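# Commentary on secondary and tertiary structure
Here is how the chains run, residue by residue.
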Amino acid sequence: MRNSEMKLWKASALAIVPLALACCPVPAMAQAAPAPSYAASPGIAAKLMVRDSVRDLRVQSLRSQRRNDVMVVQAEMVNTSGLNSRLYYRFRWLDADGMQAGDDEAWKPLHFMGKQNQFVKGVAPGPQAADFRIEMSAESP
Amino acid sequence: MSGAACQAGRLAGRNSNSNSKGEFMSSGLSLRAACGAAVFSVLLLPGCQVMQPKVDAPTGVSYGDAKAVETVTNEFGSTDLQMIAERMTGSLLESAVLSGRPTLTLAPVRNKTSEYIDTKSIMDSIQTRLIKSNKVRFTRSMDEMQTGVEELQRQNQSGLYRSAGKAKMGNMVGAQYTLEGEIGSIVKQAGSVKDVYYKMTLKLYDVSAGTIEWQEEKEIRKTTRR
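What you are looking at is a predicted structure, and each value in this text was computed from that prediction instead of being measured. (Residues numbered from 1 in each chain as written. Chains lettered and ligands numbered in written order. Predicted model: local features only at pLDDT ≥ 70, side-chain atom pairs only at ≥ 80, totals over all residues. Heavy atoms only, no water.)

### Looking at the interface of chain A and chain B
- Between chain A and chain B, the residue contacts involve 22 residues of the former and 19 residues of the latter.
- Between chain A and chain B lies a buried interface of about 1,500 Å² when both sides are counted; carbon and sulfur atoms form 52% of it.
- Among the residues of chain A in contact with chain B, Asn68(A), Ala106(A) and Trp107(A) are the three that bury the most area, contributing 33% of the side total.
- Scanning the region where chain A abuts chain B turns up 4 salt bridges.
- The partner of Asp103(A) in a salt bridge is Lys132(B), with the nearest N and O atoms 2.6 Å apart. (Contact = heavy atoms within 4.5 Å. Buried area = accessible area lost by both parts, 1.4 Å probe. Salt bridge = Lys/Arg side-chain N within 4 Å of Asp/Glu carboxyl O.)

Following this line, the structure appears as structure tokens:
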């Protein structure tokens, strides 16, 4: 009786494990996290630093290229709401080792009309910049 | 830091007390340790006072972010200066005219607005960014020339300097390009609404050919409603 009970327990446990795994949140490596509301994709979200909230604004696309050996980035931002909105943003530039390249940029205000798309361009402070982040805030910094 | 100093001071004080009771006085080593601890505690105990790295007065003065958006009034402000400098520098850096690390110099920027604007400060910000990019070299501007000439004359004509190592006359590098520009504004007011529009234009002239090799402008609109 004891042997058969043990077998039954083992069989039940083996059956439960896959169910439990299916219910648990899957680690990031197994499944990519969904993009936050302010970014069109997780890849874009990885380049954004959102201080608090950017309300209904979303970064739709990001492009970068090197011109005259300097990194140039263009971001397309969209106001998904029908109401006017204001964004404060700045670019942060990083060198190949992840260290900040150049000084902090000034915060720049950007006004959006309802449902408006805008392109924002940033130029790196020099050839040493190899990566970037866009810092964004809906409140005045 | 001061907390660690206090802790060390207390430990040192405890050791010196136990030495005074004669518990470890038999060894010369412990005597030296006791002296060391006493000196250590005397040096570190003043650090136990709670000190703040500021001198304050109840006047409401506080430091802020120099890069923050400033909208105190709609006159020309720090954010305008910074946005202009960033736009001009970015546009110049991505332009092919800067390939080959050319030599530039600054010419005065005309202020055609109705208010006082320190245009030299705008150009200094642009120059700082361009020099830090390492894509250009700058020569002395007309404003800065007198100081350079005086130093050269001091080294070459005063008879005070030995010839080895002194700066020679006639070795200055002439600029290939000059950065020239102007800033203008349009101000309109109707009732409680005041609208100010600024436009700064910057041009890069080839000195020998007299041609414009690059040009950029930055527009800023500021509206105040009372």
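### What about the packing of aromatic side chains?
- What the rule picks out here adds up to 4 aromatic pairs over all chains.
- Each ring, one from Trp93(A) and one from Phe132(A), has its centre 6.3 Å from the other, and the planes form 50°; the classification is tilted. Within this pair, whereas Trp93(A) is found in strand S4 (residues 85-95), its partner Phe132(A) is found in strand S7 (residues 129-137), the two being separated by 39 residues in sequence. Comparing Trp93(A) with Phe132(A) shows no difference in burial state: the two are buried.
- For the pair Phe76(B) and Tyr198(B), a centre-to-centre distance of 5.5 Å together with 85° between the ring planes defines the contact as edge-to-face. Of this pair, Phe76(B) sits in the loop between helix H2 (28-44) and helix H3 (78-93) while Tyr198(B) is found in strand S4 (residues 193-206), placing the two residues 122 residues apart along the sequence. Assigned by exposure class, Phe76(B) and Tyr198(B) land together as buried.
- Taken together, the aromatic side chains of Tyr89(A), Phe91(A), Trp93(A) and Phe132(A) make up a single cluster linked through ring pairs.
- Across from the ring centre of Phe132(A), 5.4 Å away, lies the NZ or CZ of Lys47(A), which sits over that ring.
- The aromatic ring of Tyr89(A) is capped on one face by Lys108(A), whose charged end is 5.8 Å from the ring centroid. (Phe/Tyr/Trp six-rings, centres within 6.5 Å; stacked < 30°, edge-to-face > 60°. Helix = DSSP H or I, 4+ residues; strand = E, 2+ residues; numbered from the N terminus. Buried < 20%, exposed > 50% of the residue type's maximum accessible area, 1.4 Å probe, protein only. Lys NZ or Arg CZ within 6 Å of the ring centre and 35° of its normal.)

### Considerations on the pattern of salt bridges
- Going through the model one piece at a time under the given rule, you end up with 21 salt bridges over all chains.
- Residue Glu86(B) is joined to Arg129(B) by a salt bridge in which the shortest nitrogen-to-oxygen separation is 3.9 Å. Of this pair, Glu86(B) sits in helix H3 while Arg129(B) sits in helix H4 (residues 119-133); the two residues are 43 residues apart in sequence, bridging distant segments of the chain.
- A residue is classified by how much of its surface remains accessible, and Glu86(B), at 13% relative accessible area, is buried.
- The closest approach of N and O atoms between Arg221(B) and Asp195(B), which form a salt bridge, is 2.9 Å. You can see Arg221(B) sitting in strand S5 (residues 212-225) and its partner Asp195(B) sitting in strand S4, a full 26 residues away along the chain.
- When salt bridges with common partners are traced through the structure, they connect Arg90(A), Arg92(A), Asp104(A) and Glu135(A) into a single cluster.

### Quick look at the nonpolar core
- Counting residues in each nonpolar core, the largest one holds 58 residues, and the members touching the most others are Met77(A), Met136(A) and Leu179(B).
- The element that contributes the greatest number of residues to this core is H3(B), accounting for 7 residues.
- Not counting residues within four places of it along the chain, the set of residues in contact with Met77(A) comprises Arg58(A), Val59(A), Gln60(A), Leu87(A), Leu110(A), Phe112(A), Gln116(A), Asn117(A), Gln118(A), Val120(A), Ile134(A) and Met136(A). (Core = buried A, V, L, I, M, F, W, Y, C linked by side-chain atoms within 4.5 Å.)

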